[in-house]
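Architecture at a glance
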Amino acid sequence: MVETLGLIGTGMIGGSIGLACKKAGHVKRIIGYDTNPESLEASKALGICDSIEYTLEDAVKHADLVIFSMPVHSIAEEILQAAKYAREGVVFTDTGSTKAEICSLVKEKIKGLKPVFVPAHPIAGSEKNGPTAAHAELFKGKLTILCPLENTPAWALDKVATFWQGMGARIEKLSPEEHDKIFAFTSHLPHLIAYALAGLLEPKHVQFTAGGFRDTTRVAGSDPALWAEIFKANKGPLLEALKGFQEGLHKIESCLKSNDFDALKNILTKAQQFRRKVQ
Ligand SMILES: NC(=O)c1ccc[n+]([C@@H]2O[C@H](COP(=O)([O-])OP(=O)(O)OC[C@H]3O[C@@H](n4cnc5c(N)ncnc54)[C@H](O)[C@@H]3O)[C@@H](O)[C@H]2O)c1
């Protein structure tokens with residue numbers, strides 16, 4: 001049981017955590033904080049938080065678990081700022097979609113400070129943002145990746161794992177670097193491709209789009225500012241994934257140019273077999 005949760009960033013992910021905790025009943029009290037007063041006040045009105053605070057210090061000083069859910073480029077700085085106000089032994093965790101940069105910025109500087117940091121990333125989300133898009137079931141049956149640092153104590157890792165499991169999530173552990181390589185392929189590249197494809201069409205094409213286009217480009221409806229920062233934070237692994245994708249496109253292109261439709265069918269069949277395994 002968490003006595004007091006500090007919910008820092010009360011947007012779609014932070015808001016969904018608040019609602020999921022309320023439903024699970026494994027947190028006694030939730031204090032919200034967000035730099036955008038509209039999001040913050042909406043989170044109180046929507047029942048995401050029990051109370052809200054207008055300073056980071058007031059949101060953190062009584063908490064025994066603090067979760068940071070803001071754009072990836074602000075997470076490390078916010079954690080180190082909040083560490084000044086935290087109680088001894090408090091656990092800090094986050095929801096950032098990239099992990100290596102955040103971990104390398106935090107791990108040395110947090111040593112000797114009061115909080116313990118357990119980096120995390122829930123593999124659940126949507127193209128919508130803000131607390132009005134939050135929902136209590138978002139994490140049910142979904143993975144949450146934990147990326148413990150070399151000095152993360154087992155009790156803190158257990159506390160964060162239990163917290164996510166209480167919301168119905170399953171837990172996997174990866175190193176921050178492994179995490180970023182994998183999610184470059186399974187999340188960041190698909191977003192990049194969706195943006196590229198949606199950006200290719202002109203307004204006159206809208207009336208001719210249907211399910212195929214909508215399914216393939218759904219995530220291009222996501223916040224461009226949030227995703228530009230994710231691409232920036234995971235630039236190296238994302239460029240590697242993009243290279244693999246370009247090679248795949250070239251193979252398809254050469255099948256078409258050389259009229260090798262058997263080879264093309266083999267490529268499509270292999271892709272279909274993989275896609276059918278995805279739930
Ligand atoms: N959108 C997804 O599908 C998804 C999935 C998993 C993880 N994530 C990660 O979760 C985090 C939050 O994403 P989201 O989709 O909830 O975005 P969101 O835009 O819905 O919410 C982010 C909130 O953070 C607030 N904020 C910005 N800077 C802040 C700061 N310095 N201090 C406090 N609050 C601040 C914003 O005002 C906003 O309310 C991101 O790191 C993202 O990478 C997103």
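Overview of the structure. Worth saying up front: this structure is predicted, and the values here are computed from it rather than measured. (Residues numbered from 1 in each chain as written. Predicted model: local features only at pLDDT ≥ 70, side-chain atom pairs only at ≥ 80, totals over all residues. Heavy atoms only, no water.)

Close contacts around the ligand come from 27 residues, with D34, M70, E78, S97 and G130 the closest. Taking M70, its main chain carries an N or O atom lying 2.7 Å from an oxygen atom of the ligand. In the complex, 89% of the free accessible area of the ligand, which totals 840 Å², lies under the protein chains. For the shell around the ligand, the elements supplying multiple residues, two or more each, are α1 (12-24), α4 (72-83), β7 (120-122) and α9 (224-233). Sorting elements by how many residues they give to the shell around the ligand places α4 first, with three residues. (Near = heavy atom within 4 Å. Polar contact = N/O pair within 3.5 Å; in protein donor to acceptor, adjacent residues only side chain to side chain. Areas by Shrake-Rupley, 256 points an atom, 1.4 Å probe, with all protein chains shown as cover. Helix = DSSP H or I, 4+ residues; strand = E, 2+ residues; numbered from the N terminus.)

Going through the model one piece at a time under the given rule, you end up with five aromatic pairs. Geometrically, the ring pair formed by F68 and F92 is edge-to-face, given 5.0 Å between the ring centres and 65° between the ring planes. Taken together, the positions of F68 in strand β4 (residues 65-68) and F92 in strand β5 (residues 91-94) put the pair 24 residues apart, joining distant regions of the chain. Take F68 and F92: they sit in the same class, and that class is buried. Aromatic pair Y195 and F231: ring centres 6.4 Å apart, planes at 85°, arrangement edge-to-face. Here Y195 is found in helix α7 (residues 176-200), whereas its partner F231 is found in helix α9, with 36 residues between them in sequence. Of the residues examined, Y195 reaches a relative accessible area of 21% and is grouped as partly exposed. Judged by its relative accessible area of 18%, F231 is buried. Feature note: the residues F139, F163 and W164 constitute an aromatic cluster, connected by ring pairs. (Phe/Tyr/Trp six-rings, centres within 6.5 Å; stacked < 30°, edge-to-face > 60°. Buried < 20%, exposed > 50% of the residue type's maximum accessible area, 1.4 Å probe, protein only.)

The strand order across the open sheet formed by six strands is β3-β2-β1-β4-β5-β6, and the pairing between neighbours is parallel. What marks the edges here is a single partner per strand, and that holds for β3 (51-52) and β6 (116-118). In this sheet, β5 lies alongside β4 in parallel orientation, the contact comprising four bridges. The residue bridging V66 from the neighbouring strand is F92, located in β5. The sheet contacts of α1 involve β1 (2-8), β2 (27-33) and β4, and relative to β1 the element is tilted by about 160°. (Pairing = 2+ DSSP bridges. Contact = heavy atoms within 4.5 Å. Axes fitted to C-alpha atoms, helices over the stretch in contact; angles between N-to-C directions.)

Relative to the 33 Å expected for 23 residues at 1.5 Å per residue, helix α10 (residues 235-257) spans 32 Å between its end C-alpha atoms, a close match to the ideal helical length. Those residues of α10 that fall on the buried side of the exposure criterion are L238, A241 and C255. Looking at the buried side of α10, the elements it contacts are α7, α9 and α11 (261-277). Following α10 by one or two positions, N259 adopts a phi angle in the positive range, close to 55°. (Expected span 1.5 Å × (residues − 1).)

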